[in-house]
Amino acid sequence: MGSASASEFVRVLDSRLRAGEPVVTATVVRIEGSASAKPGAKAIIDAQGRLVWGWVGGGCAESAVRDAAREVLAERRPRLIRLDLDDEVLGVGMPCGGYMEIYLEAMTHDPKLLVLGHGRIAETLGMLGSALGFHVTVNDALATAEAFPSANVRVTEDPDYAKVECDADTYVVIATQHKSDYEALQRVLRQRPAYVGLVASRKRSALVLERLHEDGVPLELLRRVAAPAGLDLGAETPQEIALSITAEIVQLWRGGSTSGQPLMSVKGVRITDAGVEVPEGALESAKCPT
Amino acid sequence: MPDLSDTPAAIEALYREVVLEHYRNPRNRAPLAHATAEALVVNPVCGDQVRVEVELAGGRIADVSARARGCSIAVAAGSVMTELVRGLDAEQARALGDVAGRVSRGEATDPAIDARLRAFARVAALPSRQRCATLAWEALAEALAQA
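Everything quoted here is computed from the prediction, not taken from an experiment.

Visitor: What's the story with the overall build of chain A in this structure? I'm lost.
Guide: Along chain A, the regular secondary structure elements total 8 helices and 13 strands. Taken against the 2.2 N^0.38 rule, which gives 19 Å for 290 residues, the C-alpha radius of gyration of chain A at 24 Å runs more than 25% over that of a compact globule. Taking the principal axes of the C-alpha coordinates as reference, chain A spans close to 65 × 60 × 40 Å. Residue burial in chain A is summarised as follows: out of 290 residues, 34% are buried. In chain A, 51% of the contacts between residues at least 6 apart in sequence involve partners at least 24 apart.

Written as structure tokens, this is what we have:
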């Protein structure tokens, strides 16, 4: 890719991400035989599988890349696909006589963290969110630059949450210290964010959830609320509580199917009276030269 | 309506009945289509905020709304305020705001005062909460000053 096309690639990618449109970049990383696209060739594919820029091969290779791109975007995990351009029946149906490997990677705009409230928990959430690459918005009358130095947006005048906007990529934490938390949930749930966490005691959580239920909020929406918010880390201080909530958000952001258990247990590493136990085969690929 | 006397028990009963009811069902929250003036007041101590909009017609408050984000007292006080000031002129509304302030500081206990205002006499014993009861009245006064 020459410098002119490199800058065009960056421009198109930047423009899509700024518009909040996730895309997939496809890069040819290896070819054998007479594949049409060369290593380094790039393309940008949108969420509908449409080629919006570039080229990594035509015909059935292109349609295979588009299909894979949609899956990569859904899973948000990079993938290396191998295209057999030789076998017309079992390959991609395009007998050019070659073989290609294409690296696909989802490019999404930063996930969004919306913090409603102020205080140490809210401040730490803002700090951790920024460090993790979230686009952080804090909505509270006391959302000063001093309290939330790394926040991208601070909304200080919004008595009825009219400026609260979230979407399927927004992680919302309501840390209003119980004030107007019912109204906040009413406003937020209708917009179906990725996560809604309520910082509250068990009693307060139950009261608010029951009231929402009584007022006709569907159970399907109520089930989206984490109340009390956070993973059970034994957190006590505001900063620790913020960490437990951030951990819950990361777990969801990274697929939501993980156990939340200690990695040592998940990976099967154990220290027993007999010594160190690891799952069979775990050491084979990790031996250090002696 | 509970006993209108100003015994502590009666004040407590009134507080629970009026404040909690208005907190759970705040009146006149919708933005006004033809607001003449508006003001937003924030309590910098706790972050509670109240936006008040007024529509004046012929020198009187034809319509008013209060949207409060804060504690139960701030929300209820905004709701009660909107019920009491419709039809008043600016001077009358400000005077009523003064009464609300004196009630919340324990300085006014006249049974002739509207029960919805006297309900806030309970906060006289809670100095840190007194401004919660007057925040909406402050916003109203600020909006009227701009009209």
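Visitor: Even after reading the chapter, I still don't get the interface of chain B and chain A, so can you show me in this structure?
Guide: Interfaces are often described in size by the accessible area the parts lose on coming together. The interface is formed by 13 residues belonging to chain B together with 9 residues belonging to chain A. Elements that contribute at least two residues to the side of chain B that touches chain A include exactly strand E1 (37-42), strand E2 (49-57) and strand E3 (60-69) of chain B. Within the side of chain B that touches chain A, the residues separate by chemical class into 5 nonpolar, 3 polar and 5 charged.

Visitor: Can you walk me through the packing of helix H4 (residues 181-189) of chain A against helix H5 (residues 202-214) of chain A in this structure?
Guide: How two helices pack is summed up by the angle between their axes together with the distance between the axes. Residues and elements named next belong to chain A. The geometry of H4 relative to H5 is characterised by a closest axis approach of 10 Å and an angle of 50 degrees between their N-to-C directions. Between H4 and H5, the interaxial angle falls into the category oblique. The chirality of how H4 crosses H5 is right-handed. Where H4 abuts H5, its residues Asp-181, Tyr-182 and Leu-185 lie against Val-208, Arg-211 and Leu-212. Grouping the constituent residues of the contact of H4 with H5 by class yields 4 nonpolar, no polar and 2 charged.

Visitor: What am I meant to see in the confidence of the model for chain A here?
Guide: A low pLDDT means the predicted coordinates there should not be read in detail. Considering every residue of chain A, the mean pLDDT works out to 88; 91% of them sit at 70 or more. In the model of chain A, helix H2 (residues 59-75) of chain A stands out as the element of lowest mean pLDDT, 82, in contrast to helix H3 (residues 120-131) of chain A, which has the highest, 98.

Visitor: Is there a simple way to think about the sheet that holds strand E2 (residues 42-46) of chain A in this case?
Guide: Sheets are built from strands paired through backbone hydrogen bonds, the pairs being either parallel or antiparallel. Residue and element names in this part refer to chain A. Pairing in this open sheet of 5 strands is antiparallel, and the strands run E3-E2-E1-E5-E4 from one edge to the other. Only two strands of the sheet have a single neighbouring strand rather than two, namely strand E3 (51-54) and strand E4 (79-84). When the angles between neighbouring strand axes are averaged without regard to direction, this sheet yields 25 degrees. Across 5 bridges, strand E1 (residues 23-33) lies against E2 in antiparallel orientation. Directly across from Ala-26, in E2, lies its bridge partner Ala-43.

Visitor: Teacher, can you tell me more about the sheet that holds strand E9 (residues 170-175) of chain A here?
Guide: Residues and elements named next belong to chain A. An order of E8-E7-E6-E9-E10-E11 is seen for the 6 strands of this open sheet, with the pairing classed as parallel. On the outer flanks of this sheet lie strand E8 (153-155) and strand E11 (225-226), each paired with one strand and no other. Note: strand E10 (residues 195-198) against E11, 2 bridges, orientation parallel. By the bridge assignment for E11, Gly-197 is matched with Ala-226.

Visitor: Any chance you could explain the domain arrangement of chain A here in plain terms?
Guide: As assigned here, chain A comprises domain 1 (3-107) and domain 2 (112-253). Here the C-alpha centre of domain 2 of chain A lies 38 Å away from the C-alpha centre of domain 1 of chain A.

Visitor: It is not clear to me how the confidence of the model for chain B should be interpreted in this structure. Could you clarify?
Guide: Here chain B averages 92 in pLDDT, and 96% of its residues register 70 or above. Predicted as a complex, the structure gets a pTM of 0.77 and an ipTM equal to 0.76.

Visitor: What is the right way to look at the environment of Asp-158 of chain A in this model?
Guide: Residue and element names in this part refer to chain A. As for its placement among the helices and strands, Asp-158 is situated in the loop between E8 and E9. Between the C-alpha atoms of Asp-158 and Gly-268, which are 110 residues apart in sequence, the distance is 50 Å. Here Asp-158 is in contact with Asn-139 and Lys-163, once residues within four sequence places are set aside.

Visitor: What is the right way to look at H4 of chain A in this model?
Guide: Helical geometry note: an α-helix holds 3.6 residues per turn, so side chains three or four residues apart project in the same direction. All names here are of chain A. Counting buried residues along H4, 8 of its 9 residues qualify, which places the element largely inside the surrounding structure. All of the buried residues in H4 are Asp-181, Tyr-182, Glu-183, Ala-184, Leu-185, Arg-187, Val-188 and Leu-189. In this structure, the buried residues of H4 make contact with strand E6 (112-117), E9, E10, H5, helix H6 (219-222) and E11.

Visitor: Please explain the environment of Ile-249 of chain A as it appears in this structure.
Guide: Relative to the helices and strands, Ile-249 of chain A is located in helix H7 (residues 238-253). Each C-alpha atom, one on Ile-249 of chain A and one on Ala-194 of chain A, is 9.1 Å from the other, the two residues being 55 residues apart in sequence.

Visitor: Sorry if this is basic, but what is going on with the nonpolar core here?
Guide: One finds Leu-125 and Leu-185 of chain A together with Ala-77, Ala-136 and Leu-140 of chain B to be the most contacted residues of the largest nonpolar core, which totals 83 residues. Ignoring any residue separated from it by four or fewer positions in sequence, one finds Leu-125 of chain A in contact with Leu-113, Val-115, Val-173, Ala-175, Ala-242, Ile-245 and Thr-246 of chain A.

Visitor: Sorry if this is basic, but what is going on with the packing of helix H2 (residues 72-85) of chain B against helix H5 (residues 130-146) of chain B here?
Guide: Residue and element names in this part refer to chain B. One can describe the packing of H2 onto H5 by two numbers: an axis separation of 7 Å at closest approach and a directional angle of 45 degrees. On the basis of the axis angle, H2 is oblique to H5. For the pair H2 and H5, the crossing hand works out as right-handed. Here H2 contributes Ile-73, Ala-74, Ala-77, Gly-78, Met-81 and Val-85 to the contact with H5, which in turn contributes Cys-132, Ala-133, Leu-135, Ala-136, Trp-137 and Leu-140. Here the contact of H2 with H5 is composed, by residue class, of 11 nonpolar, 1 polar and no charged.

Definitions and cut-offs
- Residues numbered from 1 in each chain as written.
- Chains lettered and ligands numbered in written order.
- Predicted model: local features only at pLDDT ≥ 70, side-chain atom pairs only at ≥ 80, totals over all residues.
- Helix = DSSP H or I, 4+ residues; strand = E, 2+ residues; numbered from the N terminus.
- Rg over C-alpha atoms; globule rule 2.2 N^0.38 Å.
- Buried ≥ 20, exposed ≤ 12 C-beta atoms within 10 Å, placed from the backbone.
- Contact = placed C-beta atoms within 7 Å.
- Nonpolar A, V, L, I, M, F, W, Y, C, P; charged D, E, K, R; others polar.
- Axes fitted to C-alpha atoms, helices over the stretch in contact; angles between N-to-C directions.
- Parallel < 35°, antiparallel > 145°, perpendicular 65-115°, else oblique.
- Left-handed = near helix turned anticlockwise from the far one by under 90°.
- pLDDT = per-residue confidence, 0-100.
- Pairing = 2+ DSSP bridges.
- Domains from an automatic or database assignment.
- Core = buried A, V, L, I, M, F, W, Y, C linked by C-beta atoms within 7 Å.

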